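Chain by chain, the residues run as shown.
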Amino acid sequence: MTETVGGEVRRISFPIEGDLSEMRRRAREFLAIVAFDEFRETNFILAISEAANNVLDHAGTDGLVTLRCDADRVVAEIRDEAGVLTDTEAGRTPPPVGSRRGYGIWLMREMCDEVEISQERGASTVRLTMMRP
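This one's a predicted model, so the numbers in the text were calculated from it and none came from an experiment.

Rules used throughout
- Chains are numbered independently. Their residues run from 1 in the order of the written sequence.
- Residue-level local features of this predicted model are given only where pLDDT is at least 70; pairs of side-chain atoms are given and counted only at 80 or more, and the full residue set underlies all totals for whole chains, interfaces and linings.
- Only heavy atoms go into the side-chain values, all of them from the structure, while hydrogens and water stay out.
- Helix numbers and strand numbers start at the N terminus; a helix is a DSSP run of H or I with at least 4 residues, a strand a run of E with at least 2.
- In this treatment the radius of gyration is a C-alpha quantity, and the globule benchmark scales as 2.2 Å times the residue count to the 0.38 power.
- Buried means the residue's accessible area, taken with a 1.4 Å probe over protein chains only, is under 20% of the maximum for its type, while exposed means over 50%, and partly exposed covers the values in between.
- In this description, contact between two residues means that some pair of their heavy atoms is separated by no more than 4.5 Å.
- Accessible surface area values rest on a Shrake-Rupley calculation with a 1.4 Å probe, where residue burial reflects the displayed protein chains alone.
- By the counting scheme adopted, Arg and Lys are positive, Glu and Asp are negative, and His together with the chain ends is not counted.
- Every charge is mapped onto a representative atom, which is NZ of Lys, CZ of Arg, CG of Asp or CD of Glu.
- Stacked, tilted and edge-to-face are the three classes applied to pairs of Phe, Tyr and Trp rings, where Trp contributes its six-membered ring and a pair requires centres within 6.5 Å; stacked means planes under 30 degrees apart, edge-to-face means over 60, and tilted covers the rest.
- Axes, fitted as lines to C-alpha atoms, cover a helix only where it is in contact. Angles between the N-to-C directions of the axes lie from 0 to 180 degrees.
- Note on convention: the crossing is left-handed when the near helix lies turned anticlockwise from the far helix by less than a right angle, right-handed when the turn is clockwise.
- Residues were grouped as follows: Ala, Val, Leu, Ile, Met, Phe, Trp, Tyr, Cys and Pro as nonpolar; Asp, Glu, Lys and Arg as charged; and all remaining residues, including Gly, as polar.
- When DSSP finds two or more bridges between two strands, those strands count as paired.
- Between Lys or Arg on one side and Asp or Glu on the other, a salt bridge is scored when a side-chain nitrogen of the former is within 4 Å of a carboxyl oxygen of the latter.

Draft legend 1. Layout of the overall build of the protein chain. Helix and strand content of the protein chain: three helices and six strands. Ordered by position from the N terminus, the helices and strands of the protein chain form the series β-β-α-α-β-β-α-β-β. The C-alpha atoms of the protein chain give 14 Å as radius of gyration, which agrees with the globular expectation for 133 residues (14 Å, within 12%). Oriented by its inertia axes, the alpha-carbon framework of the protein chain measures out at about 45 × 30 × 25 Å. The buried share among the 133 residues of the protein chain stands at 40%. A fraction of 59% describes how many contacts in the protein chain between residues 6 or more apart in sequence connect residues 24 or more apart. Accessible surface computed for the protein chain: about 7,400 Å², of which carbon and sulfur atoms make up 48%. Counting 17 positive and 24 negative side-chain charges, the protein chain places the averaged centre of each group 1 Å from the other.

Draft legend 2. Just the packing of aromatic side chains, in detail. Inspection of the entire model under this criterion finds two aromatic pairs. Between Y103 and W106 the ring centres are 6.5 Å apart and the planes differ by 70°, which places this aromatic pair in the edge-to-face class. Y103 sits in the partly exposed class, given a relative accessible area of 31%.

Draft legend 3. Structural view of the packing of helix 1 (residues 20–31) against helix 2 (residues 38–59). It is the contact of helix 1 with helix 2, at a shortest axis distance of 10 Å, that shows an interaxial angle of 145°. Read as a crossing pair, helix 1 and helix 2 show a hand that is right-handed. In this structure, helix 1 contributes L20, M23, R24, A27, R28 and L31 to the contact, and helix 2 contributes E41, F44, I45, I48, S49, A52, N53 and L56. Its residues assigned to classes, the contact of helix 1 with helix 2 comprises nine nonpolar, two polar and three charged.

Draft legend 4. Geometry of the pairing of strand 4 (residues 73–80). With six of eight residues buried, strand 4 lies mostly within the body of the structure. Sheet topology note: the strand 3 (residues 63–69)/strand 4 ladder contains seven bridges and is antiparallel. Note that in strand 4 the partner of L64 across the bridge is R79. Here strand 3 folds back onto strand 4, and the loop between the two strands holds three residues. As paired strands, strand 4 and strand 6 (residues 123–131) are joined by eight bridges and run antiparallel to one another. Among the inter-strand pairings, V75 is bridged to a residue of strand 6, identified as T129.

Draft legend 5. Quick peek at the side chain of E41. Structurally, E41 is set in helix 2. Ignoring any residue separated from it by four or fewer positions in sequence, one finds E41 in contact with R28, L31 and F36.

Draft legend 6. Representation of the pattern of salt bridges. Applying the stated criterion to the full structure yields ten salt bridges. Of the charged contacts, one joins R127 and E116 as a salt bridge, the two residues approaching to 3.5 Å between their closest N and O atoms. Within this pair, whereas R127 is found in strand 6, its partner E116 is found in strand 5 (residues 114–120), the two being separated by eleven residues in sequence. In the salt-bridge network here, residues are joined through shared partners; they are R68, E77, E116 and R127.

Here it is in structure tokens:
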């Protein structure tokens, strides 16, 4: 699904599939209109990729990435139909020293301006927000 306004893509959705490189490429193309500096763009792409990877690793079901932007912000919603992620406070503190797992949501919170986790109709959604320059 793609929505354009005045020739500018304002919303796009695509499935999460095993090869996340295509997802990252599409996200980077979408972000071209935003004019983030390289650091913020890279952080946002990494956060989206980590959330999508969590869907593949933990949910074991289909997932969907939806990117949208307006005058103030860019939002990525990463949704899985399994609803495995239920802790809305996940990632608020770093994992214990020496931990081999548990860094993903914490890193998303470090890289993005806002991170929200929600449950709706049995599905989980991670909403990542970056403010536009």
